[in-house]
Amino acid sequence: MNLTEIATRPNKTVYVEGDLCYKVFAADYRKSDIFNEALNQTRVEETELFVPKVHAIKRFDGGRLGIVMDYVEGKSLAKLIEENPEKKEEYILRLIDIQLSMHRLTAPELNKQRVKFARKIELSGLSEATQYELQMRLDGMPKHKKLCHGDFNPSNVIITENGEACVIDWSHATIGNASADTARTYLLFKLAGEDEIAEFYLNNFCKKSGTALKYVQNWLPIVAASQMVKGKPEEREMLAKWTDVCQYN
């Protein structure tokens, strides 16, 4: 195989050869998580959303496993924003439109968002009292079955030469409440220090979708607790503030 590396992360590397893409994980990456991501993506393939088609899971040198899928050529919205900062707001509005088109769909066989949040609250390391308040809030939120990405941000949207949008990286996909997915994207912008863009994104998402701002904000303590499971010390203090349920009552 003559693979060309096109992206790297601490626990995965992405290669391309011809019209195929190989997402290869670190040797100690959990096998169940790799198979779950591939399964998620194949289930999303069955919707009308443009995603890379999965072909196989393959073992590479060193015992590493990788997902083999279609290679979609183009630039991520994150790269386009980097190259054209004067168009940042235009690209964020495009991001919102793509997310709204995703939220109009469902993929019934995906894991349930509510179950995933409940499990992550338990693993958050927060006090029992805070966990109880968060679980009670989660139980009281409206139950929907919309397609939710779980990590929707400009780096996970590829724009092709003809302007089509392809959504990648489906490891966190669930069916559930679209506003929780929106709160998650907002939080990702905040954690990246993109405060201005975070507010622009949230305000315009609410306008375009006809969603009350307060409704999305009510999800923030829950998604912040979920993010705590990643165990990033530099995020802990900020996330702890977001998990203050009383702040959003």
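A short tour of the structure in this document, coming up. All residue numbers refer to positions counted from 1 along the written sequence of the respective chain. Only residues with pLDDT of at least 70 are given local features in this predicted model, and only at 80 or more are side-chain atom pairs given and counted; all residues enter the totals for whole chains, interfaces and linings. Think of the side-chain values as coming from all heavy atoms in the structure, minus any hydrogens and water.

**So, the sheet that holds strand β9 (residues 165-167)**
Two strands qualify as a pair provided DSSP detects at least 2 bridges between them. Numbered from the N terminus, helices here are DSSP runs of H or I no shorter than four residues, and strands are runs of E no shorter than two. What the three strands build is an open sheet, ordered β6-β8-β9; its pairing is antiparallel. Strands with a single pairing partner mark the edges of an open sheet, and in this sheet they are β6 (75-76) and β9. Sheet topology places β6 next to strand β8 (residues 157-159); two bridges connect them, and they run antiparallel. Residue pairing for β8: Lys75 is matched across the bridge by Ile159. Throughout, a contact is declared for two residues whenever any of their heavy atoms are within 4.5 Å. Lines are fitted to the C-alpha atoms to define the axes, a helix being fitted only along its stretch in contact, and any angle between axes, read from their N-to-C directions, falls within 0 to 180 degrees. Contacts from helix α3 (residues 88-103) reach β8 and β9, with the element oriented near 110 degrees to β8.

**Overview of the side chain of Thr243**
Along the chain, Thr243 turns up in the segment after α10 (233-242). By the criterion applied in these results, polar contacts are pairs of N or O atoms within 3.5 Å in which, for protein atoms, one can donate a hydrogen and the other can accept it, and in which residues neighboring in sequence qualify only through two side-chain atoms. Looking at Thr243, its side chain comes within polar contact range of the main-chain oxygen of Ala240, at 2.7 Å.

**Some thoughts on the state of the cysteines**
Two cysteine sulfurs form a disulfide in these notes if their separation is within 2.5 Å. Summed over all chains, the structure comprises zero disulfides. Here Cys148 is not cross-linked by a disulfide; its sulfur's nearest cysteine counterpart is in Cys206, at 15 Å. Each residue is placed in one exposure class: buried if its accessible area under a 1.4 Å probe, protein chains only, is under 20% of its type's maximum, exposed if it is over 50%, and partly exposed if it falls in between. Residue Cys148 is classed as buried on the basis of its relative accessible area, which comes to 1%.

**A word on the environment of Asp151**
As for its placement among the helices and strands, Asp151 is situated in the loop between β7 (146-148) and β8. Spatially, the C-alpha atoms of Asp151 and Ala173 are 8.0 Å apart, while their sequence positions differ by 22 residues. Contacts of Asp151, omitting those with residues within four sequence positions, involve Asn156, His172, Arg184 and Leu188.

**Digging into the nonpolar core**
Among the nonpolar cores identified, the biggest contains 53 residues, and Leu49, Leu147 and Trp170 are the most heavily contacted of them. Beyond its immediate stretch of four places on either side in the chain, Leu147 contacts Val44, Leu49, Met102, His103, Leu105, Thr106, Ala107, Leu110, Trp170 and Thr174. Put simply, buried Ala, Val, Leu, Ile, Met, Phe, Trp, Tyr and Cys residues joined by side-chain atoms within 4.5 Å make one nonpolar core. One finds Val54, Leu65, Ile67 and Met69 within the second-largest nonpolar core, a separate group that totals nine residues.

**Some remarks on the packing of helix α5 (residues 128-140) against helix α9 (residues 220-228)**
When two helices pack together, their arrangement is given by the angle between the helix axes and the distance between those axes. Axis separation between α5 and α9 bottoms out at 9 Å; the angle between their running directions is 125 degrees. Relative to α9, the element α5 is oriented oblique. Classified by chirality, the crossing of α9 by α5 is left-handed. Note on element contacts: α9 touches α5 through Pro221, Ile222 and Ala225, opposite Leu134, Arg137 and Leu138. Here roughly perpendicular refers to angles of 65 to 115 degrees, roughly parallel to angles under 35, roughly antiparallel to angles over 145, and oblique to all remaining angles. Less than a right angle of anticlockwise turn of the near helix away from the far helix marks a crossing as left-handed, whereas a clockwise turn marks it as right-handed.

**Description of the packing of helix α4 (residues 113-122) against α5**
Look at α4 against α5: their axes get within 10 Å of each other, and the N-to-C directions meet at 175 degrees. Of the possible angle classes, the one that applies to α4 and α5 is roughly antiparallel. Here Arg114, Phe117, Ala118, Ile121 and Glu122 of α4 lie close against α5, whose contacting residues are Gln131, Leu134, Gln135, Leu138 and Asp139. As a working rule, the residues Ala, Val, Leu, Ile, Met, Phe, Trp, Tyr, Cys and Pro are called nonpolar, Asp, Glu, Lys and Arg charged, and the rest polar, with Gly in that last group. For the contact of α4 with α5, a count of residues per class yields five nonpolar, two polar and three charged.

These results come straight from atomic positions and should not be treated as a statement about function.
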